[in-house]
Amino acid sequence: MAAETAEKQSFAVRHHFLLRRLHSLSGIVPVGVFLIMHLTVNASINVGADVFEENVERIHALGPLLIPVEIVGIFIPILFHALLGFQIWFSGQPNTGAYSYGGNFRYMLQRVTGGIAFVFILYHLWHMHWLGNSFGGGFFDHRPGAAASTAAEAMQMSIWAIPVSVLYAIGVIASVYHFSNGIWTSLITWGITVGPSSQRIAGYACAMFGIVLGLVGLSSVRGFAKFDANATTETASHADSVDSNETLETQAG
Amino acid sequence: MSRKINVAIKRQYDQSSGSQWEKFSVDYEPGMNMTTVLQRIAAQPVTSEGKDSTPVAYDACCLEEVCGACSMLINGKVRQACSALVDNLLEDKPDQITLEPMSKFPVVRDLVVDRSFMYNALKKVRAWVPVDGYFDRGAGPKMSPHEQEDMYPLTTCMTCGCCVEACPQINERSNFIGPQAISQGVLFNEHPVGKFEEDERMEALAGAGGIADCGNAQNCVKVCPKNIPLTRSIAKAGKMATKHAFKRFFGS
């Protein structure tokens, strides 16, 4: 056991640079790209339930390939990024008290938002992904006719409607900040923005990008929080059946 | 009659002993800096309560912010005592000035710290040009005035420790070599003769504790008393490390 840990440590030390660069890369491709896709698809609820469901259908057209794509393209990269990220977080010693510079606050926020985003993603998986099914969650049903209404139902569960929306807003803001600021630091890491003026311009560009993506993300949260799931009887009855399933499972558990 | 300045100093007898605060009152003189204050305390080491004490140990040398010896935490922030003017400090905080040794280095005594960490980091990145001087090799390679202008600021580093002190990535839990060593590594990588050893330097810069451990808080460039473009050096080192990694992966 001890020998195994020693070997692991030496692996981490030997490949320190590679691991850190993979950490930087994985945050943008695929995790960041997925974040953009995910938030824009969800924001399409504001255009209409049919548009949203069309977009969801396009993703699920992958069929049986979707699970391996999800595991290799999303879960493993996020887990790798998060685990190394926590290690990076704990190897630092924030000192914004003594050195209250903008960059130092962004450094601190990058770590805090990463942590918030990770916890939020775990909750979000339980809440909306079928992985949450076995734990009394997984309220989202991707099938056409159910996708928009089940997502909205999940956001509007009686007294939880406001707390869940607030939680989603926090999760979206944290993820988007972490991604936008991460693009800014990765441009330095890879040696693309070298001088202070290019870093400043990149800073404005990343801030603009973050604001736009943040608004897209918040609009999707609002869209589902306000969506009237009972507008059509078909979706309503489906949502009811999901609700009763959930009750049964809870009782059984 | 005369105005007094209150100074609280975090004192420590030696590396192994604990620290405690001691307060002194010093007569105000116009234009005095913190080194002067420490000289006055050394001349009359009596605390504010009138208790006999010992002179406060401190490093100082050039007294014009080019040697870096007198770096310490003044009102909680790292800087040189010689260029910290009492008038300015009192403007920010009239009641008391605090002095502490830098926190990232082992304390030798009082405000004196052991900065071997920085010299070891310079050794790791081989921050020198290897010339043995046995033979006259003729004129060295030419550098354009533009290159000289770029490199000159990096040569003004005085290993004072401000960037190391302010860097959140340097602490007991990390092996980060720090901004100063990275910047010196970049300086010698860009030197026409020094670049022959670029690969050896990159082993350290792209290894554990190297450039990858930078967290981009960019405190270093803010606290550097010589205004060295440390973040530019860090980004350059990142670029060099990217190239080095590709070279190593595809070239060998």
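Residues numbered from 1 in each chain as written. Chains lettered and ligands numbered in written order. Predicted model: local features only at pLDDT ≥ 70, side-chain atom pairs only at ≥ 80, totals over all residues.

### Quick look at the overall build of chain B
Secondary structure assignment for chain B yields nine helices and seven strands. Once the C-alpha set of chain B is aligned to its principal axes, its extents read approximately 75 × 40 × 35 Å. In chain B, buried positions account for 44% of the 252 residues. In chain B, of all internal contacts separated by at least 6 residues, the share reaching a separation of at least 24 is 64%. (Helix = DSSP H or I, 4+ residues; strand = E, 2+ residues; numbered from the N terminus. Buried ≥ 20, exposed ≤ 12 C-beta atoms within 10 Å, placed from the backbone. Contact = placed C-beta atoms within 7 Å.)

### Digging into the overall build of chain A
Within chain A one finds ten helices and zero strands. Order of helices (α) and strands (β) in chain A, N terminus to C terminus: α-α-α-α-α-α-α-α-α-α. A burial count over chain A gives 34% of its 253 residues as buried. For chain A, contacts bridging at least 24 residues in sequence account for 70% of all contacts bridging at least 6.

### Things to note about the environment of A:Phe17
Within the element layout of this structure, A:Phe17 appears in helix α2 (residues 16-28). Judged by the 22 C-beta atoms lying within 10 Å of it, A:Phe17 falls in the buried class. Discounting chain neighbours no more than four positions away, the residues touching A:Phe17 are B:Ala206, B:Gly207, B:Gly210, B:Ala212, B:Ala241 and B:Ala245.

### A word on the pairing of strand β4 (residues 77-80) of chain B
Residues and elements named next belong to chain B. Relative to β4, strand β3 (residues 71-74) is paired through four bridges, and the arrangement is antiparallel. Counted as the bridge partner of Met72 is Arg79 from β4. As consecutive antiparallel partners, β3 and β4 are separated by two residues, and within that stretch Asn75 has a phi angle of approximately 50 degrees, a positive value. (Pairing = 2+ DSSP bridges.)

### A short note on the interface of chain B and chain A
Between chain B and chain A, the contact holds 29 residues from the first and 26 residues from the second. Those elements giving two or more residues to the side of chain B that touches chain A turn out to be α8 (219-223) and α9 (230-251) of chain B. With nine residues, α9(B) is the single largest residue contributor to the side of chain B that touches chain A. Its residues placed into classes, the side of chain B that touches chain A shows ten nonpolar, 13 polar and six charged. (Nonpolar A, V, L, I, M, F, W, Y, C, P; charged D, E, K, R; others polar.)

### Some remarks on the sheet that holds strand β2 (residues 19-27) of chain B
Paired through their backbone hydrogen bonds, the strands of a sheet run either parallel or antiparallel. All names here are of chain B. The strand order β2-β1-β5-β3-β4 describes an open sheet built from five strands, whose pairing is mixed. Looking at strand neighbours, the two that pair on one side only are β2 and β4, the edges of this open sheet. Taking each pair of neighbouring strands and ignoring which way they run, the sheet shows an average axis angle of 35 degrees. Of the pairings in the sheet, the one linking β3 to strand β5 (residues 97-100) comprises two bridges and is antiparallel in character. Each residue of the ladder has a partner; that of Ile74, found in β5, is Leu99. Helix α1 (residues 34-43) rests against β1 (4-12), β2 and β3 of the sheet, and its axis sits at about 95 degrees to β2. (Axes fitted to C-alpha atoms, helices over the stretch in contact; angles between N-to-C directions.)

### With respect to unusual backbone geometry
Note the cis peptide between A:Val29 and A:Pro30, where omega equals 10 degrees. Relative to the assigned elements, A:Pro30 resides in the loop between α2 and α3 (31-43). Even without being glycine, B:Asp110 reaches a positive phi, approximately 45 degrees. Along the chain, B:Asp110 turns up in the loop between β6 (107-109) and β7 (112-113). For B:Asp110, a count of 25 C-beta atoms within 10 Å gives the class buried. The phi dihedral of B:Arg126 falls on the positive side, at around 50 degrees, and the residue is not glycine.

### What about the confidence of the model for chain B?
On average, residues of chain B score 94 in pLDDT, and 99% of them are at 70 or above. For this predicted complex, the interface confidence comes out at an ipTM of 0.93, alongside a pTM of 0.91. (pLDDT = per-residue confidence, 0-100.)

### Considering the domain arrangement of chain B
Quoted interface sizes are often the accessible area lost when the parts come together. Residue and element names in this part refer to chain B. On domain assignment, one finds that chain B holds domain 1 (4-113) and domain 2 (116-251). When each unit is reduced to the centre of its C-alpha atoms, the spacing between domain 1 and domain 2 is 31 Å. Of the residues lining the interface, 13 residues belong to domain 1; the matching set on domain 2 comes to twelve residues. The element best represented in the side of domain 1 that touches domain 2 is β4, accounting for three residues. (Domains from an automatic or database assignment.)

### Re the nonpolar core
Formed by 72 residues in total, the largest nonpolar core has its most connected members in B:Cys163, B:Leu205 and B:Ile211. Per element, the largest residue contribution to this core is six residues, and it comes from α9(B). Two domains each provide a minimum of three residues to this core, namely domain 1 (4-113) and domain 2 (116-251) of chain B. Setting aside anything within four residues of it in sequence, one finds B:Leu205 in contact with B:Val125, B:Ile182, B:Gly185, B:Gly210, B:Ile211, B:Ala237, B:Met240 and B:Ala241. Counting 35 residues, the second largest nonpolar core, distinct from the first, contains A:Phe118, A:Ala147, A:Val172 and A:Tyr177. (Core = buried A, V, L, I, M, F, W, Y, C linked by C-beta atoms within 7 Å.)

### Side note on the packing of α3(A) against helix α9 (residues 196-226) of chain A
How two helices sit against one another is set out by the angle between their axes and by the gap between those axes. Residues and elements named next belong to chain A. Where α3 contacts α9, the axes come no closer than 8 Å and their chain directions differ by 45 degrees. The angle between the axes of α3 and α9 places the two elements in the oblique class. Considering only the axes of α3 and α9, their crossing is left-handed. Along the contact surface, α3 presents Ile36, Leu39, Thr40, Asn42 and Ala43, while α9 presents Leu213, Val216, Gly217, Ser219, Ser220 and Gly223. Of the residues in the contact of α3 with α9, the class split is five nonpolar, six polar and no charged. (Parallel < 35°, antiparallel > 145°, perpendicular 65-115°, else oblique. Left-handed = near helix turned anticlockwise from the far one by under 90°.)

### A look at the environment of A:Ala151
All names here are of chain A. Looking at where Ala151 falls in the secondary structure, it is placed in helix α7 (residues 147-155). Through-space distance from the C-alpha of Ala151 to that of Met128 is 7.4 Å; in sequence the pair is 23 residues apart. Apart from residues no more than four positions distant in its own chain, Ala151 is found in contact with Met128, Phe140 and Phe224.

### Describing the pairing of β5(B)
As a general feature of sheets, a regular strand has side chains that alternate between the two faces. Looking at chain direction, β1(B) and β5(B) are connected through three bridges and run parallel. Directly across from B:Ala8, in β5(B), lies its bridge partner B:Thr98.

### Section: the confidence of the model for chain A
Summing up the model confidence of chain A, the mean pLDDT is 89 and the portion of residues at 70 or higher is 88%. Contacts for the low-pLDDT stretch residues 233-253 of chain A, under 50 throughout, to residues beyond four places or in other chains number 21 contacts.

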